[in-house]
Amino acid sequence: MSIKLIATDLDKTLLHDDGTISERTRKVFLEAKEKGVLSVIATGRSVVESSYALNRIEADKYMIIYSGACVMDLKNSKPVYEEFINEESALKILSVLENYRGRAFSLVYSSGKTLVIPGSFERFSDDVDHKEFFDAARAQLICEEDPVKYIKEHHIGVNKIFFMGVPMKDIENINNS
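Residues numbered from 1 in each chain as written. Predicted model: local features only at pLDDT ≥ 70, side-chain atom pairs only at ≥ 80, totals over all residues. Heavy atoms only, no water.

*Asks:* Before we go on, may I ask you to explain the pairing of strand β7 (residues 113-116) in this structure?
*Replies:* Each regular strand carries side chains that alternate between the two faces of the sheet. By the bridge criterion, four bridges tie strand β6 (residues 105-110) to β7 in an arrangement that is antiparallel. The residue of β7 that forms the bridge with Tyr109 is Thr114. Bridge count between β7 and strand β8 (residues 141-143): three bridges; the pairing is parallel. Looking at the pairing, Val116 lines up with Cys143 of β8. (Pairing = 2+ DSSP bridges. Helix = DSSP H or I, 4+ residues; strand = E, 2+ residues; numbered from the N terminus.)

*Asks:* Is there a simple way to explain the environment of Tyr150 in this structure?
*Replies:* Among the secondary structure elements, Tyr150 is positioned in helix α6 (residues 147-154). Expressed as a C-alpha distance, the spacing of Tyr150 and Leu115, which sit 35 residues apart in the sequence, is 9.1 Å. Setting aside residues up to four positions removed in sequence, Tyr150 forms contacts with Lys113, Leu115, Ile142, Glu144 and Ile156. (Contact = heavy atoms within 4.5 Å.)

*Asks:* Is there a simple way to explain the pattern of salt bridges in this structure?
*Replies:* Oppositely charged side chains may form a pair once their charged atoms are brought near each other. By the definition in use, this model includes four salt bridges. The shortest N-O distance in the salt bridge between Arg26 and Glu23 comes to 2.9 Å. Placement of both Arg26 and Glu23 in helix α1 (residues 23-34) is noted, with a separation of three residues, approximately one turn of the helix. Residue class for Glu23 comes out partly exposed when judged on its relative accessible area of 41%. Here Lys149 ties to Glu153 by a salt bridge, and the two come within 3.9 Å at their closest N and O atoms. On the criterion of helical spacing, the pair formed by Lys149 and Glu153 is a turn pair, its members being four residues apart in helix α6. (Salt bridge = Lys/Arg side-chain N within 4 Å of Asp/Glu carboxyl O. Buried < 20%, exposed > 50% of the residue type's maximum accessible area, 1.4 Å probe, protein only.)

Structure follows, in structure tokens:
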């Protein structure tokens, strides 16, 4: 049986801690591509946040993003599959995150857009290893004073909510309410 597809995560799989890809790994992907093997990145990030890695391995056609909630057709820049969080649940999570404005890091991924609660991005961006990632992420952010209002007004589905710096007890309260 011949290999048809190589799928890889980014952090600590394809990428080293400093965000680089070894020349050996890059060559393996390019050789696979020459043999007709499809290369796909599967990540929790967005396409924009992952573009530097996509370009280095010349990944083709598709990318699995938002931890599997969306499969993007890279040539057409459109999703071929999307899964959304129930709106009621997403709004509940965001209301809890609002209590940690400026103290927690949170991103709301929604159909190719990334909403950020003001103050959360600045809190962590200076402490990271992957400067390219944060530069790319910053370029696509929609900074919203009220992400809940934005989601309701624009009728957008939420693919993923990423947060850190929120106490476990509050996360458990989200699940129990």
